[in-house]
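A closer look at the structure
Now for the letters of each chain:
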Amino acid sequence: EHDMAQNAYSYRELSQQAGVAVLVPFALQHTWDFVMSQGRASADDDFLSFAINEARSLHHIDDSRIAVLGFSDGASFGLSLAVANPDIFEAAMLWAAGFCLPEP
């Protein structure tokens, strides 16, 4: 977990240079509960909604330019979030997604 926190922190300087906000959430367990339950669990979804809204309340976030990025299980979660919430996520940058719920 420490290495993941250091990795997330490394985005700070790059995001400041680019003038963007980067939110790097971690799953509450070893992977996203959405993935383990095939879309039936919502604790991680609730957590991510809270984190996005908290970031929006603390920083100026252009709501028309929110994107999701994910790899593997995070890509499946991110793809599912983007497809289900096109009014929130302008773009999805994904690598190695295993599934999407609901199907596009």
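In what follows, the accompanying structure is described. Note that the structure is predicted; figures quoted are calculated from it, not measured. (Residues numbered from 1 in each chain as written. Predicted model: local features only at pLDDT ≥ 70, side-chain atom pairs only at ≥ 80, totals over all residues. Heavy atoms only, no water.)

Describing the overall build of the chain
- On a plain count of helices and strands, the chain comes out with four helices and two strands.
- Reading the helices (α) and strands (β) of the chain from amino to carboxyl end gives α-α-α-β-α-β.
- Radius of gyration (C-alpha) of the chain: 14 Å, near the 13 Å computed for a compact globule of 104 residues.
- Principal-axis analysis of the C-alpha atoms gives the chain an extent of 35 × 35 × 25 Å.
- Classification of the 104 residues of the chain by burial places 26% in the buried group.
- Here the analysis covers contacts within the chain between residues at least 6 apart in sequence; of these, 41% occur between residues at least 24 apart.
- Of the roughly 7,300 Å² of accessible surface on the chain, 55% is carried by carbon and sulfur atoms.
- Here the chain carries 4 positive and 14 negative side-chain charges, and the mean point of each set is 5 Å from the other. (Helix = DSSP H or I, 4+ residues; strand = E, 2+ residues; numbered from the N terminus. Rg over C-alpha atoms; globule rule 2.2 N^0.38 Å. Buried < 20%, exposed > 50% of the residue type's maximum accessible area, 1.4 Å probe, protein only. Contact = heavy atoms within 4.5 Å. Areas by Shrake-Rupley, 256 points an atom, 1.4 Å probe, with all protein chains shown as cover. Lys, Arg positive; Asp, Glu negative; His and termini not counted. Charge placed at Lys NZ, Arg CZ, Asp CG, Glu CD.)

Notes on the side chain of S80
- Tracing the sequence through the fold places S80 in helix α4 (residues 73–84).
- A polar contact is formed between the side chain of S80 and the backbone oxygen of S76, at a distance of 2.8 Å.
- When neighbours within four sequence positions are excluded, S80 is seen to be in contact with F34, F99, C100 and L101. (Polar contact = N/O pair within 3.5 Å; in protein donor to acceptor, adjacent residues only side chain to side chain.)

Side note on the packing of aromatic side chains
- Taken as a whole, this structure holds four aromatic pairs when the rule is applied.
- Centre to centre, the rings of F34 and F77 are 5.3 Å apart; their planes meet at 35°, and the pair counts as tilted. Here F77 lies in helix α4 and F34 lies in helix α2 (residues 33–36), a separation of 43 residues in the sequence. Per residue, the accessibility class of F34 equals that of F77, and both read buried.
- With a centroid separation of 4.7 Å and 50° between ring planes, the pair formed by F71 and W95 is classed as tilted. Of this pair, F71 sits in strand β1 (residues 67–71) while W95 sits in strand β2 (residues 91–95), and the two are 24 residues apart along the sequence. (Phe/Tyr/Trp six-rings, centres within 6.5 Å; stacked < 30°, edge-to-face > 60°.)

Let's talk about the layout of surface pockets
- Counted as a void, the largest pocket has a volume near 1,900 Å³.
- Around the largest pocket, the lining comprises 48 residues; the ones closest to its centre are V22, L23, V24, P25 and L69.
- It is helix α1 (residues 2–18) that contributes the most residues to the lining of the largest pocket, eight residues altogether.
- Of the residues assigned to the lining of the largest pocket, the class counts are 30 nonpolar, 12 polar and six charged. (1 Å grid on protein atoms, 1.4 Å probe; cavity = no way out; pocket = protein on both sides within 12 Å on 5 of 7 lines; lining within 4 Å. Points joined across faces, edges and corners; volume = space filled by probe spheres on them. Nonpolar A, V, L, I, M, F, W, Y, C, P; charged D, E, K, R; others polar.)

Topic: the environment of V24
- Of note, V24 is situated in the loop between α1 and α2.
- A sequence separation of 47 residues divides V24 from F71, and the C-alpha atoms of the two residues are 12 Å apart.

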